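Each chain, letter by letter, is given below.
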Amino acid sequence: MSTTTVVRNDQQHALGSSVPPFTAHAISVSLPTWKDNVGYEEGEKRVVDAMVSGYPRFFIHLSIQKLARICEQKFGVQGERCLLCPTRRIAEQCRQFMVDRSTKAGSPVPVRLVQFTICPEENETQTPCRELHIVLFPGDQFPLAKQFWQHTGLCVSSRYAERCLSMLHEESSGPQTPVPPTSPARLPVKPGNRHYSAKSFGKSPPTSPTVPNTTFGGSIANQTVELLNKDHFNYLEERYGRNMPLESAAAAKRAMRRRIAGVLVRDTPNDWSTAGDREAELGPSTRGVEGVTEDDVFLYATGMSAIWSAHQLATTARPAAKSICFGFPYTDTLKILEKWGPGCHFFGHGLDADIDEFEKLLEKESQKSDGPPALSLFTEFPSNPLLRAADLPRLRQLADKYDFLIVVDETLGNFVNVEVLPYADIVVSSLSKVFSGDANVMGGSLILNPKGRHYAALKAHMAANYEDSYFDEDAIYMERNSRDFRRRIHIIDENTLAVCSFLRGRSLADPHPPARPAVKEVYYPRWVTAHNYEKCRVRGPDGRAVGGFGGLFSLTFTSAAASQAFFDTLPCMKGPSLGTNFTLACPYTILAHYAELDWAAGWGVDKNLVRVSVGMEERETLLKGFEKALLASEATLQESQPGDSA
């Protein structure tokens, strides 16, 4: 089912190319050295000009850029720019955000909405028309509009744009090779960067399919990649049983909702053709809560749109109050809670001691009014990038006592490993990560707990207001990728534990550390807040834990030089994202918090932290690759200077 990526040595270090390579809808970009990552954040021309890909909520895909330029030329006036939305409601939400934020800053921005219906030629009767809802605004307000794009993840996908371009008889734009184009056409971009902003406008290499199979740090110098046109590629996907036909998108979405609900009696890769059928055999949910069905699962275009929608659900279905962000989260979760609604209280360490302080806050706030002292509590299980797990049973007790919602992001733990739904009112996840694994499609999910106190109100609100904006072709790919996710997760769990055990044995955290260790700490749920993680691990019929610890870990080092040497030497793909079938690493704090490094450090997130998402490669090969990086890291200690600690 799922494919992974061939890593050639030259591709591995091709700055700015797509990750995976030769993938039209790749969701990562190659930033192979520490210097490249810093250069990207500082807007260095060498880096910016090389980029033809990026994480979709930060780097606007080339096909979307091209379609946006067409719309600006057709509908824009006086230098207006635009964002493209798949539905009118999303466009209105974008306009409302821009007007609200600009009004608070002193002057409301004029924003116009235009609906553009694109239809195929008369002889293409099986292809439906597509609606574009275009948000137009003064060109200098693009950074504000981009905040909506980044935080909500609601705008059009690259496949949606590609489909529209095909009906307009325009070639789509996507990464083909790691060689950056030489076209000088670029829109002006302000130097400096915050989180993968739009920096590579004007580049238009043609599309091509994903390259299958995996090696770690390998060299396949004579590999030949057959570049297929889109029709040929789709034919192969459907003809040989990997993708459902495009007209089966409803069945693909139904299959995924059942998969996420844990109700499919048979859900192996061989059962894919029936998983979405009306007659498929369904059983009790494996999610740890009685009564969960596919109707409690809602799909979204991205994981962040699921998180944003969970917050919107809370703010509309419950009395107004501030939210709680518990633990240091992925950056946009905190931004959503701060920018929409009454604001939030931030307990950035997410440790047991913070629950004591949180309880004091609840008691204090509850004395101020008759309503609940908090709207909802958002927490990741475990957190990104420190892999900390909150004490969910205790938080659940507080939620029941003080009547607030709990929203748990299970992306990193995933429901093969952890059982968090019993403690949550809402569970969200980024399907773009390990559920997909192939890093070629985005998606998200939201689950309601049918045993939750406020389930009836939340479900009624969702029934009345949920809008399915998940593009059919994206759903087809996501369903295909996810068929064997359980098998992949078990392999990744075992690989990651082996790698982390090796690295921890050579770190300061080991009971018997080496004389001059390069690694300071290994952040992995096996050792970090393990008592809380253990409470939620999936257990077998005999009560023994069978869930693993996930595929993500982070490292800190005893010097900045050691950190950078480790990262630069590690023989794997380097770029944003996680949960890939292949190993992927990044200097997380540099990429996510470059403009606020001191603030992040105040919450325990080291500026030289390296985050690694482990893949499905052969374990011995993985260990050799990490040993190579570790040796390079340790070698820097021979030349380290006083005061050079990380």
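What counts and how
Here, residues in each chain are numbered from 1, in the same order as that chain's written sequence. In keeping with the predicted nature of the model, local features appear solely for residues at pLDDT of at least 70, side-chain atom pairs appear and are counted solely at 80 or more, and the whole-chain, interface and lining totals rest on all residues. Side-chain metrics in this entry use all non-hydrogen atoms of the structure; hydrogen atoms and water are not considered. Only DSSP runs of H or I covering at least 4 residues are called helices, and only runs of E covering at least 2 are called strands; the numbering of each starts at the N terminus. Residue burial is assigned from relative accessible area. The probe radius is 1.4 Å, only protein chains are included, and a residue is buried under 20% of its type maximum, exposed over 50%, and partly exposed in between. Any two residues whose heavy atoms approach within 4.5 Å at even a single point are treated as in contact. In these tables, accessible area is a Shrake-Rupley quantity obtained with a 1.4 Å probe, and a residue counts as shielded only by the protein chains included in the view. Using protein atoms alone on a 1 Å grid, points that fit a 1.4 Å probe yet trap it form a cavity, whereas open point sets bounded by protein on both sides within 12 Å along at least five of seven lines form a pocket; residues with an atom within 4 Å of a point count as lining. Grid points are joined across faces, edges and corners, and a volume is the space filled by probe spheres set on the points. Residues are sorted three ways: Asp, Glu, Lys and Arg are charged, Ala, Val, Leu, Ile, Met, Phe, Trp, Tyr, Cys and Pro are nonpolar, and all the rest, Gly among them, are polar. For helices, the fitted line uses only the C-alpha atoms of the stretch in contact; every axis is such a line through C-alpha atoms, and the angle between N-to-C directions lies from 0 to 180 degrees. Reported orientations rely on four angle classes, namely roughly parallel under 35 degrees, roughly antiparallel over 145, roughly perpendicular from 65 to 115, and oblique for the rest. Left-handed describes a crossing whose near helix is turned anticlockwise from the far helix through less than a right angle; right-handed describes the clockwise counterpart. For our purposes a nonpolar core is just a set of buried Ala, Val, Leu, Ile, Met, Phe, Trp, Tyr and Cys residues, chained together by side-chain atoms within 4.5 Å. Only Phe, Tyr and Trp rings take part, Trp by its six-membered ring, and two of them pair if their centres are within 6.5 Å. Stacked means planes under 30 degrees apart, edge-to-face means over 60, and tilted covers everything else. Whether a charge sits over a ring depends on NZ of Lys or CZ of Arg being within 6 Å of the ring centre and within 35 degrees of the ring normal. Pairing between strands requires that DSSP locate at least two bridges from one strand to the other. We define a salt bridge as a contact between a side-chain nitrogen of Lys or Arg and a carboxyl oxygen of Asp or Glu at a distance within 4 Å. For every residue, the predictor states its confidence as a pLDDT score lying anywhere from 0 to 100. Note on terminology: pairs of cysteine sulfur atoms within 2.5 Å are recorded as disulfides. For this count, His and the chain ends are skipped, Lys and Arg are scored as positive, and Asp and Glu as negative. Pairs of N or O atoms are called polar contacts if they sit within 3.5 Å, as long as, within protein, a hydrogen donor faces a hydrogen acceptor (for residues adjacent in sequence, only side-chain-to-side-chain pairs).

1. With respect to the overall build of the protein
A count of helical and extended segments in the protein gives 21 helices and 17 strands. With 646 residues in all, the protein has 61% of them scored as buried. For the protein, the proportion of contacts with a sequence separation of at least 24, taken over those separated by at least 6, is 75%. Of the roughly 24,600 Å² of accessible surface on the protein, 51% is carried by carbon and sulfur atoms.

2. Brief notes about empty space enclosed by the protein
The final tally for this structure, using the stated rule, is 13 cavities of 30 Å³ or more. For the largest cavity, the calculated volume is near 370 Å³. Together, 27 residues line the largest cavity, and Arg 57, Tyr 330, Asn 384, Lys 433 and Leu 578 are the ones closest to its centre. A per-class count over the lining of the largest cavity returns 14 nonpolar, eight polar and five charged. There is about 280 Å³ of room inside the second largest cavity. Each residue belonging to the lining of the second largest cavity can be placed in one class, and the counts come to 12 nonpolar, nine polar and three charged.

3. Describing the packing of helix H9 (residues 249-261) against helix H15 (residues 472-482)
Put simply, H9 and H15 touch, their axes get as near as 9 Å, and they point 45° apart. With respect to H15, the element H9 is oriented oblique. The hand of the H9/H15 crossing is left-handed. Residues Ala 249, Ala 252, Lys 253, Ala 255, Met 256 and Arg 259 of H9 form the contact with H15, whose own contacting residues are Asp 472, Ala 475, Ile 476, Met 478, Glu 479 and Ser 482. Its residues assigned to classes, the contact of H9 with H15 shows seven nonpolar, one polar and four charged.

4. Considerations on the nonpolar core
Within the largest apolar cluster, 97 residues are counted, with the highest numbers of intra-cluster contacts made by Leu 84, Met 98, Leu 132, Ile 134, Ile 426, Leu 446 and Leu 448. Here the element with the most residues in this core is helix H10 (residues 303-317); it accounts for seven residues. Discounting chain neighbours no more than four positions away, the residues touching Leu 446 are Asp 296, Val 297, Phe 298, Tyr 300, Ala 306, Ser 309, Ala 310, Ile 426, Val 427, Val 428 and Met 462. Judged by nonpolar contacts, the second largest core, of 79 residues, contains Ala 374, Tyr 470, Tyr 524 and Val 614.

5. Observations regarding the packing of aromatic side chains
Given two aromatic rings, one states the distance between the centres and the angle between the planes to describe the pair. Applying the stated criterion to the full structure yields 26 aromatic pairs. With a centroid separation of 6.0 Å and 85° between ring planes, the pair formed by Trp 308 and Trp 340 is classed as edge-to-face. Of this pair, Trp 308 sits in helix H10 while Trp 340 sits in the loop between helix H11 (331-339) and strand E8 (344-347), and the two are 32 residues apart along the sequence. Comparing Trp 308 with Trp 340, the two get one shared label, buried. Relative to Phe 485, the ring of Phe 435 has its centre 5.1 Å away and its plane inclined at 50°; by these criteria the two rings are tilted. With Phe 435 in the loop between strand E11 (426-430) and strand E12 (444-448) and Phe 485 in helix H16 (residues 485-504), the pair connects residues that are 50 residues apart, well separated along the chain. Classification of Phe 435 as buried rests on a relative accessible area of 5%. Of the aromatic side chains, those joined through ring pairs into one cluster are Phe 381, Tyr 524, Trp 527, Tyr 533 and Phe 549. Across from the ring centre of Phe 142, 4.2 Å away, lies the NZ or CZ of Arg 81, which sits over that ring.

6. Here we look at the pairing of strand E9 (residues 376-380)
Among the five residues in E9, five count as buried, and that is most of the element. By the alternation rule, side chains of E9 split into Ser 376, Phe 378 and Glu 380 and Leu 377 and Thr 379, which are all buried. In this structure, strand E7 (residues 323-326) lies alongside E9, joined through three bridges in parallel fashion. In the sheet register, Phe 326 faces E9, and the bridge partner there is Thr 379. Here five bridges tie E9 to strand E10 (residues 405-409), and the two strands are oriented parallel to one another. Bridging across to E10, Ser 376 finds its partner in Leu 405.

7. Here we look at the pattern of salt bridges
A complete count under the given rule lists 36 salt bridges for this structure. Lys 360 serves as the salt-bridge partner of Glu 357, at 3.4 Å between the closest nitrogen and oxygen. Of this pair, Glu 357 and Lys 360 are both found in helix H12 (residues 352-366), three residues apart, which corresponds to roughly one turn of the helix. The exposure class of Glu 357 is partly exposed, given its relative accessible area of 42%. Since its relative accessible area comes to 55%, Lys 360 is described here as exposed. Among the ionic pairs, Asp 400 bridges to Arg 396, the shortest N-O distance being 3.1 Å. Note that Asp 400 and Arg 396 are positioned in helix H13 (residues 392-402) at a spacing of four residues, about one turn of the helix.

8. Side note on unusual backbone geometry
Pro 20 follows Val 19 through a cis peptide bond whose omega is 0°. The omega torsion across Asn 384 and Pro 385 is 20°, close enough to zero to call that bond cis. The backbone phi angle of Gln 78 is positive, close to 50°, even though this residue is not glycine. Although it is not a glycine, Ala 439 sits at a positive phi angle of roughly 55°. Within the secondary structure, Ala 439 sits in the loop between E11 and E12.

9. Regarding the confidence of the model for the protein
Close reading of the predicted structure is inappropriate where its pLDDT is low. Overall, the predicted model of the protein reaches an average pLDDT of 88, with 85% of residues at or above 70. Below pLDDT 50 for its whole length, residues 219-229 participates in 17 contacts with residues either more than four positions away or in separate chains. With pLDDT under 50 throughout, residues 235-241 is counted as low confidence; its partners more than four residues away or in other chains account for 11 contacts.

10. Here we look at the side chain of Thr 529
Looking at the secondary structure, you find Thr 529 in the loop between strand E13 (519-523) and helix H17 (530-534). Residue Thr 529 is classed as buried on the basis of its relative accessible area, which comes to 13%. In this structure, Thr 529 is in contact with Leu 351, Leu 387, Arg 388 and Ala 389, ignoring residues within four places of it in sequence.

11. Overview of the state of the cysteines
All told, the structure shown has one disulfide when counted by the stated rule. Linked covalently through their sulfurs, Cys 119 and Cys 129 form a disulfide whose S-S length is 2.0 Å. The chirality of the disulfide connecting Cys 119 with Cys 129 is right-handed, given an S-S dihedral of about 110°. In this pair, Cys 119 is assigned in the loop between strand E4 (112-118) and strand E5 (130-137) and Cys 129 in the loop between E4 and E5, connecting sequence segments 10 residues apart.

12. Some details on the side chain of Asp 606
Relative to the assigned elements, Asp 606 resides in the loop between helix H20 (597-602) and strand E17 (610-613). We note that Asp 606 is buried and unpaired, the nearest opposite charge coming from Lys 520 at a distance of 4.1 Å. In this structure the side chain of Asp 606 is engaged in a polar contact, spanning 2.7 Å, whose partner is the backbone nitrogen of Asn 608.

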